[in-house]
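Listed below, chain by chain, are the residues.
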Amino acid sequence: ASKLSALMFQITSVKIKCHICLCMQVLTVSSSVPLRVSAALSTAEESRVKLESLLEKERVLSNTLQQHLQGAQVWADGIGQVLGQLDTLERHMKYLQCLARIEELSDSIQQYLMTNSMWDAVGAIDRMASLDMGLRESGCSHLQAFLRETLRFWHKILKDKLASDFEEVLTQFHWPFISPPTQTLSPPANAQELNSQLELLVSQLLSLQTSDDLISEKKETPSRPGQSQTPPLSLPIQIMLLPLSKRFRYHFTGNRQTNNLSKPEWYLTQVLIWMGNSSNFMDEKIQPVLDRAGAKVNARVELCRGLLTLAQEKLAQDAPRLLYDDALFCHLVDEVLQFEKELRGTHSYPRTYPGVLHILLEETVFQKWLSVERKMAVEKVDAMLSAEGAWSSQYKDITDMDELKAPDCAETFMTLLLVITERYRSLPCPRAQLSFLALQKELVDDFRIRLTQVMKEESRQPLSPRYCAILNAANYISTVLSDWGDNVFFLQLQQAAVSVGEEILGPLGATETGRLASLEGSLFEALLALLERLRGDMLGRLLDAVMRDVKEKAQPYCKDRWISLPSQNDQATMSLSSSACPMMLCLRDHLLQLQQMLCLPLFQTFWQGLAERLDNFIYEDLILYNHFNEGGVAQLQYDMTRNLFPLFGHYCKRPENFFKHVKEACIILTLKVGPALLLCDMLKQSEEDEGILNHQQPSPESALNELGVYKLAPSDVQILLNLRSAWLKQ
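Along each chain, residue indices are assigned from 1 in the same order as the chain's sequence is written. Whole-chain, interface and lining totals are the exception, using all residues; otherwise, since this is a predicted model, local features are given only for residues with pLDDT of at least 70 and side-chain atom pairs are given and counted only at 80 or more. Each side-chain value is derived from all of the structure's non-hydrogen atoms; neither hydrogens nor water enter the calculation.

### As for the pattern of salt bridges
The term salt bridge refers to a pairing of a side-chain nitrogen on Lys or Arg with a carboxyl oxygen on Asp or Glu at a separation within 4 Å. One pass over the full model with this rule turns up 33 salt bridges. The shortest N-O distance in the salt bridge between Asp382 and Arg450 comes to 2.6 Å. Of this pair, Asp382 sits in helix α11 (residues 363-386) while Arg450 is found in helix α13 (residues 430-458), placing the two residues 68 residues apart along the sequence. Classification of residues uses two cut-offs on accessible area relative to the type maximum, computed with a 1.4 Å probe and protein chains only: under 20% is buried, over 50% is exposed, and between them is partly exposed. The exposure class of Asp382 is partly exposed, given its relative accessible area of 36%. Among the salt bridges present, the one from Glu458 reaches Arg466, with a minimum N-O distance of 3.8 Å. The exposure class of Arg466 is partly exposed, given its relative accessible area of 35%. Secondary structure elements follow DSSP: runs of H or I of four or more residues count as helices, runs of E of two or more count as strands, with numbering from the N terminus.

### So, the nonpolar core
As used in this record, nonpolar core signifies buried Ala, Val, Leu, Ile, Met, Phe, Trp, Tyr and Cys residues forming a set joined through side-chain atoms within 4.5 Å. Counting 202 residues, the largest nonpolar core has Phe606 and Ile623 as the members making the most contacts within it. Considering every element that reaches this core, the biggest residue donor is helix α17 (residues 525-558), with 14 residues. If near-sequence neighbours (up to four positions away) are discounted, Ile623 is found in contact with Ile618, Phe628, Leu636, Val662, Ala665, Leu669, Leu720 and Leu723. Note on contacts: a residue pair is in contact if any heavy atoms of the two residues lie within 4.5 Å.

### Some words on unusual backbone geometry
What is expected of a backbone is that most residues other than glycine have negative phi and most peptide bonds are trans. In this model, Trp175 is joined to Pro176 through a cis peptide bond whose omega is 0°. In this fold, Pro176 is placed in the loop between α3 (141-172) and α4 (191-207). Not every positive phi belongs to a glycine, and His174 is a case in point at roughly 65°. Tracing the sequence through the fold places His174 in the loop between α3 and α4. Its relative accessible area of 45% is what places His174 among the partly exposed residues. With a phi close to 50°, Ser348 is a non-glycine residue in the positive phi region. Mapping Ser348 onto the fold places it in the loop between α9 (326-345) and α10 (357-360).

### Side note on the packing of aromatic side chains
A pair of aromatic rings is counted whenever rings of Phe, Tyr or Trp (Trp by its six-membered ring) have centres within 6.5 Å, and the orientation is called stacked for planes under 30 degrees apart, edge-to-face for over 60 and tilted otherwise. Counted under the stated rule, the structure contains 28 aromatic pairs. Between Phe153 and Trp154 the ring centres are 4.8 Å apart and the planes differ by 75°, which places this aromatic pair in the edge-to-face class. Assessed through its relative accessible area of 9%, Trp154 is described here as buried. With centroids separated by 6.2 Å and ring planes inclined at 50°, the aromatic side chains of Trp607 and Phe648 adopt a geometry described as tilted. Taken as a pair, Trp607 in helix α19 (residues 600-623) and Phe648 in helix α20 (residues 630-648) lie far apart in primary sequence, 41 residues in all. Given the relative accessible area of 2%, Trp607 is considered buried. Distance and angle both matter: a charge sits over a ring if NZ of Lys or CZ of Arg is within 6 Å of the ring centre and within 35 degrees of the ring normal. Directly above the aromatic system of Tyr353 lies the positively charged group of Arg305, at a separation of 5.4 Å from the ring centroid. Here Arg425 stacks its cationic end above the ring of Phe489, 4.6 Å away from the centre of that ring.

### So, the packing of helix α12 (residues 408-424) against helix α14 (residues 465-485)
Interhelical geometry of α12 versus α14 gives an angle of 25° and a closest axis separation of 9 Å. Classified by the angle between their axes, α12 and α14 sit roughly parallel to one another. Where α12 crosses over α14, the two elements pack in a sense that is right-handed. Between α12 and α14, the contacting residues are Ala410, Glu411, Phe413, Met414, Leu417, Leu418 and Thr421 on the first element and Ala473, Tyr476, Ile477, Val480, Leu481 and Trp484 on the second. Each residue gets one label: Ala, Val, Leu, Ile, Met, Phe, Trp, Tyr, Cys and Pro are nonpolar, Asp, Glu, Lys and Arg are charged, and the others, such as Gly, are polar. Taken together, the residues that form the contact of α12 with α14 break down as eleven nonpolar, one polar and one charged. Think of each axis as a best-fit line through the C-alpha atoms, taken over the contacting stretch in the case of a helix, with angles from 0 to 180 degrees between the N-to-C directions. Angles below 35 degrees are treated as roughly parallel, those above 145 as roughly antiparallel, those between 65 and 115 as roughly perpendicular, and all remaining angles as oblique. Left-handed describes a crossing in which the near helix is turned anticlockwise from the far one by less than a right angle; the clockwise case is right-handed.

Now the structure itself:
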């Protein structure tokens, strides 16, 4: 207790000492605070005084600067006015310098022309043209007009001079070649001099090309539907075209007899003749000169372009005047297409340059073309369907050429579509090609409807030659359209249809668009589906008619006393049942007849469908309808395997595979008594144990498979075994 009291006393003493120290520190801090605050206030006062002094100085300086700026503004305004005057003087100086440059070049050209320095004159003209192009962005309209007029003045003088000399040289070369050039003409005595002059003049004219384009404002020809842009013709070719242009306009404009709307072939043929007559001269004389001059043009193509311009202008004038005369319009289209074909083929005119087809793509002309094509096609279809031999094949006597057995009307119709394809194949515009494709699809659908109407008229006699001809026609059209779907041209159209087809072919669903884009589908897919439906319907009617006849002839055979027929051992030889003869003869006759009338693909579909129906008929109406003794089963098997199956053996190697019900029924019915009883017991046991798994006992299906039975179900086999129950119980 005493130790605890001492310890408590020590702790109390320590606490008292701590309180005393804390109180002394508080007193010390309290006495130093007023001194620091007063020092801070003193420093702030000094800062305020300094700040007011600085602000006063800033006000004085600002006032002084403002006074200085006001005084300097007068000087700045004066300097700005002087600079503006200097800028005006500079522009005036440049304006005068341009005028002086123009006068200098003009004087130089005049001097060069007086001294016959043609190359120097050409160079001066080219420099003046460069100056003209440099002033295009300038606002000095009067200066521009003056320069352009000066350039036009001297350019015309120089061009006329060079053109005159060039025409004289061309005359020495017998240009233009109106008739085919003859090889007997001996070269002129001064041929070398003429060649030199020709090269010199062509080179000088090429140097004038820039100024000529500038003066004539020859911009690139604006493109029409399907027409690409082309640069202007080179100046030497323009001059060479002048005599041909004069002849063309003399003969094919005005009141001349050669200017005949009904004879477009006259001026189109004339243009082709001039192209052909001039080609050698352009290749042998003009092209080498152009190459040496560095002109990257083809002389022969340039001449063709110039001559084509004449034909294009003439066609553009004549086409609208023929819109109300179908016969003349059709003739014009035929001639234009033939002209384009010869132009691209015989004269090798590049496809990158427009020909004359774009004239036919003008909206009014093109719509008329489509209308006339539709009208003419419908008229031809009417004529071919009403023709005497419309439903007979023109190759019926030639076996190798008559595989599809297409009637004449179907073959003529597809030839008509092929001709239409060839007419629009070369059109340069995908939209126009798709418009013709839409017309073709419309014609095919119309022809399908006509076939359907004729088929309904013949449906009472589906075994008639005309009915089979209609079926062959539908199959032939379907086959050709399927081939077209894989053709490169139609595949290209298919890709174009994905991007622009909806405007022409109508709205395409997302699925159809995807199939077309991925080339899974075909442009003719919808038509092929309709034709397939027609073909399937007609084949069904044909099978129904044959089966009706067969069933009628088979009635005595189905009602035979199969349960009381003599055993095979009691007969010397097996022979076909007498009651089966009418049915077999009927089948044979129909098969032979339809093999002659139907094409091979259709006939194969037909006999396979017939075999399937016949298999079901014999199984259901004969086998399941009767009971059989041993003799009846043997006779049935003989009739089927030795007579029915061989009828179809002419068309395949294993005809029994198309009669699976009958074949497997014969297997079950001809089982020996022991195996039949075992099979019957196993099937009954399997039926009783249904739902109970027994891995040791084989399934009924595997047991039937060992016997060669795959089609019939175990329940069907039980029914068949019951059909021979009369002798199974023995």
